[in-house]
Amino acid sequence: MDIPVYLAGELGEMAERLGASLKDAGTRRLHRLASLEGLPAALRQSRHHDQPALAIVSADKLDEAFVARCRPILPLLEQLHVGLVVAVTAPGLDIPSQIAALNAGCLDVLHTPQRQLPADIVTRLQLALRLLHEHHLRVDQERRFFGEQADRRVRDARLNYLANHDELTDLANRAAFERALDKAIAVGRQKQLTHALLYLDLDRFKLHNEAAGHPSGNVLLQRVANQLRSSLPPEYLLARIGADEFAVLLQGVDEREALATAEQLRKRVAAIEPDGEQIIFHVGVSIGLGVFTPGAVSSSSQALVQAEQACYLAKTRGGDTVHRFSCEDEELQNLHEDMHWSQPIRQALGENLLFLAYQPILSVAEARISHYEALVRIPRSLGGDDRSARFMLAAERLGLARQIDLWVVDKAIDFLAGNRELSLGVNLSSHAFQEASLLPRLQQKLRSSAIAPERLTFEITETAAIMNFTETRHMIARIRDLGCRFALDDFGSGFSSYNYLKEFPVDLLKIDGSFIVGLQQDRRDQIIVQSMIDIAHGLDKEVVAEFIESAETLGQLIEMGIEYAQGYYIGKPILSPEVREFGTDREPLQ
Amino acid sequence: MTFIRFDQVKLNIDDLLEGDVRLASPPEIYARLHHLLESPDSSTALLAEVIEHDPALSARILKLVNSSLYAPPRQVETISEAVDHAGARGLHDLVLATEVIQHFDRIPAELEDIYSFWRQSVRCAVLASKLAEQRKESPPGSNDSMFLAGLLHRIGLLVMYARIPELARKALLEHRHRGLPLHVVQQELFGFDYAMVGAALARRWKLPDMLCTVLANHLHPEQAEAYLSETALIHLSQVTCQADSFDRQVIESLLPQDGALWETAGVTPQALLATLPEAQSAYGAALALLH
């Protein structure tokens, strides 16, 4: 029992006997104190706070007054791991006081120890020490347990935070935003509140990232996040929901406020000055705005899709602008149409279900049809119809046009190989000339099929040609070197500039149908068409007129000098073309 | 219209402290000194013995006591002499100061640089103790405690940095970019602020009552119910030490205009400005705490 033992108060000769017994039991540090009250100072000055100790305090009798003297000292004893044992010297038993003393924290009460064998007392003290030990073990365990509980709550809060926030910007992440949005939508329905949602997408972020590197891109994102953060009151939830996409939920606002906020955010982002180091050029932000009256949308995903579509439109309009979502947007309808066409086109390409229809083109000089324009069609089962190639517009926007172009070239040459009497015009999309594989493929195909290249005419629209002026010009020259012919389609419909006519080395000019449809009645059309024909002839190009729907129009155009004629009057697109005579029995009207 | 705030965090201050053994109880050596000082007849020798037990601590104490902060008439060479010179109370504060600084010796770098954190705290500490000397009715020995109060006024922030770094960073970002005081942002996000955390830590460590009260109320001294003057004084000091130097012009522009506050603190703006040179040199000495 090598622990410090404090003997406090009057124990008489008992103290000597007890001291001797304790020494026998191994106690080397025995401190005598005059009274219970001296205990705190003695303990405080002790150097042995890291091990338990016992204090034996004598009492004449154990009564309420004595328990009251113990009370103020007990917390300190507890703190310093010192157990208190009361030695009652006078006979007599006050049971309520004894219970009170034990409840207050005394370890044990010894009655008239002077009448007991010291060995028995040492045993009791050893038991008391064991009790003290157990007590502190329990206290320690409890403390550790509560500590672990508390630490778990802190870790949970941190994990929860990390799960809901974006590490780079410390904004809410997409999952958290969607949850909040769903909740706001539900509350909006209950309380009849209108919410607005802003969908922000940085302009030119990818470019910035590529030019300045990812670390700089991250700095830029942080700058943007902080700029947005500083522009919004805390009740508007701001989140980073994609690489360079942010979203803001504006609860209980009307459209005007929402637009003003969006406009303000746009300006704040535009105001981020390049620092020449991390941020190398100005970035703008395209913002889509969705305003949702109660019940207008049922889920966060629906709301996000609408705002994202509006953002997409803002982007297509040049970026750095705010666009409010509206179901009536033409572009949006295109977008819907595109989405509608996406699957059928992919399926048609994958299963080789596209086919060509051929519209006859009359050679005026020969009074014969041996040339056809090939038109791509998609089967009815996939939503196509015979008359239009509307799906082609969707295909261009969906980025599927190149694949179709390649397919058309293959098919057209196969056709020519099997129909030696005929020649063919095919349409290429504006993307065809960026397709590196087009030229070699064409070359190889022409060689293997051994057809005369001049039987193949490529038609490109004026607008498509202008979009990629240099590449297109270059490509046209290369393809003409192979011997193929070129036609400028829809001439006069776009930003017609005679300069292009000069620059593009084409063989044929196809006058846009809009000048032909009303040619009979409209004198202005007549003047324009005549001048186009004259210019083409002056530049050694032949002229095709489309959309001819009557004998009269045909006659008039022949009179004006066209070389080729096309339109329903000549013939609708058909699936099995052949050479036929035309016009001999129908003398054109003067 | 009530907005739904989506980013509030469910946490309480006790969890922050209790969950970390190093925070749940005071540094061991400080606790011992504390016990010694509580007993009326503790001797210099006993105090010195406890400190000498820790050679690193002893070295720091000697360095500080020999600095111009305490300006001893001759070189102090033993801890016993240090106790005699700085006083038992002063030594207690010194030990606490060095222990706390040792305790929080690192924080995630992206939050705040630990040295600039402590430098700001030391500026606050020296200014508070110099101002305390200026007070009309300054209770004896209270200046040292003001040093400690200034040094520890943002201790709660360190607890938050250590325990909830991500959340603390969010609060910092919101504070920096929304122009709101940090404690307001923290209140919004967590329901408590660093002053409350600091006070809770002080109470848990059984630091003197004055420190607990000042730490709790220094951000809004008008709410203090005790130690009004000390709280107001620390408030003034912490506002002043937000400048990163003792530059008179900068500090002049930071000083609160609230006359009642100065009245309560027992100092005047002129007195504050007048102590700046003195504070500056004491600051240089007190930086020894950080090394």
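Cut-offs and rules
Residues numbered from 1 in each chain as written. Chains lettered and ligands numbered in written order. Predicted model: local features only at pLDDT ≥ 70, side-chain atom pairs only at ≥ 80, totals over all residues. Helix = DSSP H or I, 4+ residues; strand = E, 2+ residues; numbered from the N terminus. Buried ≥ 20, exposed ≤ 12 C-beta atoms within 10 Å, placed from the backbone. Contact = placed C-beta atoms within 7 Å. Nonpolar A, V, L, I, M, F, W, Y, C, P; charged D, E, K, R; others polar. Pairing = 2+ DSSP bridges. Axes fitted to C-alpha atoms, helices over the stretch in contact; angles between N-to-C directions. Arc of directions from axis to C-beta. Parallel < 35°, antiparallel > 145°, perpendicular 65-115°, else oblique. Core = buried A, V, L, I, M, F, W, Y, C linked by C-beta atoms within 7 Å. Expected span 1.5 Å × (residues − 1). Bend = angle between axes of the 7 residues up to and from the residue. Left-handed = near helix turned anticlockwise from the far one by under 90°. Right-handed = clockwise from strand over helix to strand, strands pointing away. pLDDT = per-residue confidence, 0-100.

1. Section: the overall build of chain A
Summing up its helical and strand segments, chain A has 21 helices and 19 strands in all. Scored against the burial criterion, the 590 residues of chain A give a buried share of 38%. Within chain A, contacts between residues separated by at least 24 positions form 69% of all contacts whose residues are at least 6 apart in sequence.

2. Structural notes on the overall build of chain B
In terms of regular secondary structure, chain B is built from 17 helices and zero strands. By the burial criterion, 46% of the 291 residues in chain B qualify as buried. Partitioning the intrachain contacts of chain B with sequence separation of at least 6 by distance along the chain shows that 63% fall at a separation of at least 24.

3. Some points on the interface of chain A and chain B
With 30 residues of chain A at the interface, the matching set in chain B holds 37 residues. When residues of the side of chain A that touches chain B are traced back to their parent elements, those giving at least two are helix H2 (39-45), helix H6 (118-164), helix H7 (174-191) and helix H9 (214-231) of chain A. In terms of residues, the side of chain A that touches chain B owes the most to one element, H6(A), which gives ten residues. In terms of residue class, the side of chain A that touches chain B is built from 15 nonpolar, seven polar and eight charged.

4. Details of the sheet that holds strand E4 (residues 82-88) of chain A
Residue and element names in this part refer to chain A. Judged by pairing direction, the sheet is parallel, and its five strands sit side by side in the order E2-E1-E3-E4-E5 without closing on themselves. Since the sheet does not close on itself, it has two edges, and those belong to strand E2 (30-33) and strand E5 (108-111), each with one partner. Neighbour to neighbour, the strand axes of the sheet diverge by 20° on average, direction disregarded. Judged from the four bridges that link them, strand E1 (residues 5-8) and strand E3 (residues 53-59) form a sheet pairing that is parallel. When the sheet's bridge partners are listed, Leu-7 is paired in E3 with Ile-56. With respect to the sheet, H6 is in contact with E3, E4 and E5, its orientation differing from that of E4 by roughly 145°.

5. Some thoughts on helix H13 (residues 390-398) of chain A
Turn by turn, an α-helix covers 3.6 residues, leaving residues three or four places apart pointing in a common direction. Residues and elements named next belong to chain A. Within the span of H13, buried status applies to Phe-391, Met-392, Ala-394 and Ala-395. Mapping the buried residues of H13 onto a view down its axis gives an arc of 160°, with all of them on the same face. Gly-399 sits one or two residues past H13 and shows a positive phi near 80°.

6. Some points on the packing of helix H8 (residues 205-212) of chain A against H9(A)
Residues and elements named next belong to chain A. Between H8 and H9, the least distance of the axes is 7 Å, while the angle of their chain directions is 135°. Classified by the angle between their axes, H8 and H9 sit oblique to one another. Residues His-208, Asn-209 and Ala-212 of H8 form the contact with H9, whose participating residues are His-214, Ser-216, Gly-217 and Leu-220. A class-by-class count of the residues in the contact of H8 with H9 yields two nonpolar, five polar and no charged.

7. A short note on the nonpolar core
Of all hydrophobic cores here, the largest spans 95 residues; its most connected members are Ala128(B) and Leu233(B). At eleven residues, the largest contribution of residues to this core is made by helix H6 (residues 79-103) of chain B. If we skip the residues at most four places from it in the chain, Leu233(B) touches Ala128(B), Leu131(B), Ala132(B), Met146(B), Ala265(B) and Val267(B). The next biggest cluster of nonpolar side chains, apart from the first, holds 72 residues, and it includes Trp341(A), Ala394(A), Ile476(A) and Ile511(A).

8. Some words on the sheet that holds strand E8 (residues 245-250) of chain A
Residue and element names in this part refer to chain A. Strand order in the open sheet formed by five strands is E7-E8-E6-E9-E10, with mixed pairing between adjacent strands. Bordering the open sheet on either side are strand E7 (237-240) and strand E10 (322-324), each of which pairs with just one other strand. Averaged over neighbouring strand pairs, the angle between their axes works out to 20° when direction is ignored. Strand direction decides the pairing type here: E7 and E8, joined by four bridges, are antiparallel. Among the inter-strand pairings, Leu-238 is bridged to a residue of E8, identified as Val-248. Against the sheet, H7 touches strand E6 (195-202), E7, E8 and strand E9 (285-292), its axis set at about 145° to E7.

9. A few points about the environment of Glu174(B)
With respect to the helices and strands, the residue Glu174(B) is situated in helix H10 (residues 165-178). On the neighbour-count criterion, Glu174(B) (23 C-beta atoms within 10 Å) is buried. Sequence separation between Glu174(B) and Leu189(B) is 15 residues, and the spatial gap between their C-alpha atoms is 9.9 Å. Other than its neighbours up to four places away in sequence, Glu174(B) contacts Arg229(A), Leu180(B) and Val185(B).

10. Some remarks on H6(B)
If you check H6(B), its first and last C-alpha atoms are just 22 Å apart, much less than what 25 residues at 1.5 Å a residue would give, namely 36 Å. Helix geometry: H6(B) is bent most strongly at Gly87(B), by close to 105°.

11. So, the pairing of strand E12 (residues 368-377) of chain A
Residue and element names in this part refer to chain A. Among the ten residues that make up E12, eight are buried, leaving the element largely enclosed by the rest of the structure. Pairing geometry for strand E11 (residues 355-363) and E12, over nine bridges, is antiparallel. Its bridge partner lying in E12, Leu-362 is registered against Ile-369. In textbook terms, the turn of a hairpin is the stretch between consecutive antiparallel strands, and for E11 and E12 this stretch comprises four residues, one of which, Ala-367, has a positive phi near 50°. Strand direction decides the pairing type here: E12 and strand E19 (residues 580-581), joined by two bridges, are antiparallel. Pairing of Arg-368 across the sheet is with Glu-581, part of E19. In the sheet, E12 pairs with strand E13 (residues 423-427) via four bridges, with the strands oriented parallel.

12. Comments concerning the packing of helix H1 (residues 13-24) of chain A against H6(A)
Residue and element names in this part refer to chain A. Where H1 contacts H6, the two axes come as close as 9 Å, and the packing angle between them is 65°. Every pair of crossing elements has a handedness; the one defined by H1 and H6 is right-handed. Between H1 and H6, the residues in contact are Arg-17, Leu-18, Ser-21 and Leu-22 and Pro-118, Ala-119, Ile-121 and Val-122, respectively. The residue inventory of the contact of H1 with H6, partitioned by class, reads six nonpolar, one polar and one charged.

13. A few points about the environment of Ala565(A)
All names here are of chain A. By the secondary structure assignment, Ala-565 is in strand E18 (residues 564-566). On the neighbour-count criterion, Ala-565 (26 C-beta atoms within 10 Å) is buried. Separated by 19 residues in sequence, Ala-565 and Glu-546 place their C-alpha atoms 6.3 Å apart. Beyond its immediate chain neighbours, meaning those up to four positions away, Ala-565 contacts Leu-362, Val-364, Ala-545, Ile-548, Leu-554, Leu-557 and Ile-570.

14. Re the pairing of E13(A)
Residue and element names in this part refer to chain A. Counting buried residues along E13, four of its five residues qualify, which places the element largely inside the surrounding structure. Bridge count between E13 and strand E14 (residues 456-461): four bridges; the pairing is parallel. Bridging across to E14, Val-426 finds its partner in Phe-458. Viewed along the sheet, the connection from E13 through helix H15 (residues 438-449) into E14 turns out right-handed.

15. Describing the confidence of the model for chain A
Should pLDDT be low for a region, the predicted coordinates there are not to be read in detail. The share of residues in chain A with pLDDT of 70 or more is 96%, and the mean pLDDT across the chain is 88. Here helix H16 (residues 462-467) of chain A stands out as the element of chain A with the lowest mean pLDDT, 72, in contrast to E8(A), whose mean of 96 is the highest.

16. Looking at the environment of Ala417(A)
Residue and element names in this part refer to chain A. Relative to the helices and strands, Ala-417 resides in helix H14 (residues 401-418). Owing to 15 C-beta atoms within 10 Å, Ala-417 belongs among the partly exposed residues under this scheme. In this structure the C-alpha to C-alpha distance between Ala-417 and Ser-449, which are 32 residues apart in sequence, comes to 6.1 Å. Apart from the residues within four sequence positions on either side, Ala-417 is in contact with Ser-449 and Ile-451.

17. Regarding the confidence of the model for chain B
With 93% of its residues at a pLDDT of at least 70, chain B reaches an overall mean of 85. This complex was scored by the predictor with a pTM of 0.68 and an ipTM of 0.83.

18. A word on unusual backbone geometry
Positive phi values are uncommon outside glycine, yet Arg204(A) reaches one of about 65°. For Arg204(A), the position within the fold is in the loop between E6 and H8. One non-glycine residue with positive phi stands out, namely Tyr227(B), at about 50°. By the secondary structure assignment, Tyr227(B) is in the loop between helix H13 (209-217) and helix H14 (228-240). A tally of 22 C-beta atoms within 10 Å means that Tyr227(B) is categorised as buried.

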